[in-house]
Amino acid sequence: MSGTFVGMPAFPEAARTAVGNATLRGNLRHATHTIRAKRARAVAEVSDWAELREAGRRIKDHTLRHLDRYLEQLEESVTAAGGTVHWAADADEANRIVTRLVKETGESEVVKVKSMATQEIGLNEALLEEGVHAYETDLAELIVQLGRDRPSHILVPAIHRNRGEIRDIFAKEMGAWGRPAPEGLTDAPAELAEAARLHLREKFLRARVGISGANFMVAETGTLVVVESEGNGRMCLTLPETLISVVGIEKVVPTWRDLEVFLQTLPRSATAERMNPYTSTWTGTTDGDGPSAFHLVLLDNGRTDTLADRVGRQALRCIRCSACLNVCPVYERAGGHAYGSVYPGPIGAILSPQLRGTASEIDASLPYASSLCGACYEVCPVAIDIPEVLVHLRERVVEGGPAVREGNRVLLKPARGHAAERAAMRAARWALARPAALRAGQRLASRTRRLHPRTLPGPGRAWTGTRDLPPVPAEPFRDWWQRTRGGEDETK
């Protein structure tokens, strides 16, 4: 997975650094609380939100169960409409395909619609190695690119920046990428937006190749859909002569009727809008209207491996609304960079370790980047039970076991550093399966409670470093019950 942040430490270490940044915490707190409150109001307006959420879950689950059929139907529909479909098993293959298609046009510049899939595979870097410059046109992505930064949020990639920081980036960097920022630029939102508009307009009018992702693909007609709020997507999708779309295979939906459900739930969950300001759809090519060449690159890159996991596959329902990030207490304090992936927050904590595996330090730590409070599940518009998948992945990290990697069934080894945890769980399992041993242990713990430390030594320090051990009661519950109730069953 080329989009991995090289050299990233484990989440606890990266988060510790982020939490020490007061400016970052302030930016995140203000932004997430604002979006969270707006979303709650927008969702409350819909009387059948629960039914829409369940419909979205069922549509996604049905599609994933029959993904092979709908992908073949999609390919047939796109081809019949004049497009060309390419299949990419991994990031390297996708990058090779896109690079070849761009170079065949003879162009050395492309404009891009915001796309998580192209970030996932590191497409911009791959193109640059071949002498092709990719220009981001989404405002937040533009800020990230000009600042030589990394995205930290699914919906608002520059959420970690405030207006003053954005003004400084525009003033310093725009000239090196194209039209410079106006003299005397302030941090007023209107001025920043106008500076971006002027800077991007010349790129829209000059570019001959556009690259996009897609929010959805409709199998019955071969139609791709992009929803956005700024209009940059509409410019990238209509003005260039060649359009290349890189889309994860899980983004397909069977019919337009299915799409209608998500066009209600996505905008309210993402931007707290009743509908997206710009919903662009395109089907193949049409003479004299839009790009004359359309290429669809269908990206796997670990998705079929994820599909093979009965518990973890629900992560593929995700429609990238980012609602889970905005309610997560861990994300709010640590920010997106600590997750070491283009997919931060709760959804990233379950998606990245499945797409990339858990061999690296950062991926093995991501399932633990959660308090398991369940707020993410409550707001998810397709009902992904993120806490369930987190616990499932924690088990995989600690115990190892069977999994599918690159289409092959493998037996994963337990991750390093969890030997004490495995020993403790085995001891607990042994004791809980033997009532007499459990009773004896409880009595011993009660009688020696004055000798118990308030913190644990060795690996236990990670748990008691921020909390005290709970005090052991003076007598076990079984003994108290026997003494006060005589073992009498009150239900009789």
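Residues numbered from 1 in each chain as written. Predicted model: local features only at pLDDT ≥ 70, side-chain atom pairs only at ≥ 80, totals over all residues. Heavy atoms only, no water.

Per an unreviewed UniProt entry, the recorded name for the chain is Iron-sulfur cluster-binding protein, and the organism is Streptomyces monashensis.

If you tally the helices and strands in the chain, you get 23 helices and twelve strands. Seen through its C-alpha atoms, the chain measures out along the principal axes to roughly 90 × 55 × 45 Å. Buried residues in the chain amount to 50% of all 492 residues. Long-range pairs, those at least 24 residues apart, make up 73% of the contacts in the chain between residues at least 6 apart in sequence. (Helix = DSSP H or I, 4+ residues; strand = E, 2+ residues; numbered from the N terminus. Buried < 20%, exposed > 50% of the residue type's maximum accessible area, 1.4 Å probe, protein only. Contact = heavy atoms within 4.5 Å.)

Attention shifts here to the domain arrangement of the chain. Reports often express the size of an interface as the amount of accessible area lost when the parts come together. When the domains of the chain are assigned, the result is domain 1 (3-299) and domain 2 (419-484). With centres defined by C-alpha atoms, the gap from domain 1 to domain 2 works out at 50 Å. (Domains from an automatic or database assignment.)

Running from N to C, helix 9 (residues 163-177) and helix 10 (residues 189-206) cross one another at 20°; their axes reach a closest spacing of 11 Å. Judged on the interaxial angle alone, helix 10 and helix 9 are roughly parallel. Every pair of crossing elements has a handedness; the one defined by helix 9 and helix 10 is left-handed. Taking contact as the criterion, the partners of Arg163, Ile166, Arg167, Phe170, Met174 and Trp177 in helix 9 are, on helix 10, Pro189, Leu192, Ala195, Ala196, His199 and Lys203. Looking at the contact of helix 9 with helix 10, its residues break down into eight nonpolar, one polar and three charged. (Axes fitted to C-alpha atoms, helices over the stretch in contact; angles between N-to-C directions. Parallel < 35°, antiparallel > 145°, perpendicular 65-115°, else oblique. Left-handed = near helix turned anticlockwise from the far one by under 90°. Nonpolar A, V, L, I, M, F, W, Y, C, P; charged D, E, K, R; others polar.)

With that settled, consider the sheet that holds strand 5 (residues 216-218). Pairing within the open sheet is mixed, and its four strands lie in the order 8-5-6-9. Edge strands, defined here as strands with exactly one partner in the open sheet, are strand 8 (252-253) and strand 9 (278-283). Sitting on the sheet, helix 12 (residues 256-270) touches strand 5, strand 6 (223-228), strand 8 and strand 9, and the angle it makes with strand 5 is about 160°. (Pairing = 2+ DSSP bridges.)

Right, let's talk about unusual backbone geometry for a bit. Trans peptide bonds make up the majority, and among non-glycine residues the majority have a negative phi. The phi dihedral of Arg148 is positive, around 50°, even though this residue is not glycine. A relative accessible area of 59% means that Arg148 is categorised as exposed.

Moving on: helix 2 (residues 22-44). The end-to-end C-alpha separation of helix 2 is 33 Å, in line with the 33 Å expected for 23 residues at 1.5 Å each. Its side-chain oxygen placed 3.1 Å from the backbone nitrogen of Thr23, Asn21 serves as the N-cap of helix 2. (Expected span 1.5 Å × (residues − 1). Polar contact = N/O pair within 3.5 Å; in protein donor to acceptor, adjacent residues only side chain to side chain.)

Scanning the entire structure with this criterion turns up eight aromatic pairs. Measuring from ring centre to ring centre gives 6.2 Å for Tyr135 and Trp177, while their planes differ by 75°; the resulting arrangement is edge-to-face. One end of the pair, Tyr135, is in strand 3 (residues 133-136); the other, Trp177, is in helix 9, with 42 residues separating them in the sequence. Residue classification places Tyr135 among the buried residues on the basis of a relative accessible area of 10%. Members of the aromatic cluster, joined through ring pairs, are Phe11, Tyr331 and Tyr339. Its end group placed over the ring of Tyr70, Arg69 keeps NZ or CZ at 4.8 Å from the ring centre. Over the aromatic face of Tyr135 sits the side chain of Lys203, whose NZ or CZ is 3.8 Å from the ring centroid. (Phe/Tyr/Trp six-rings, centres within 6.5 Å; stacked < 30°, edge-to-face > 60°. Lys NZ or Arg CZ within 6 Å of the ring centre and 35° of its normal.)

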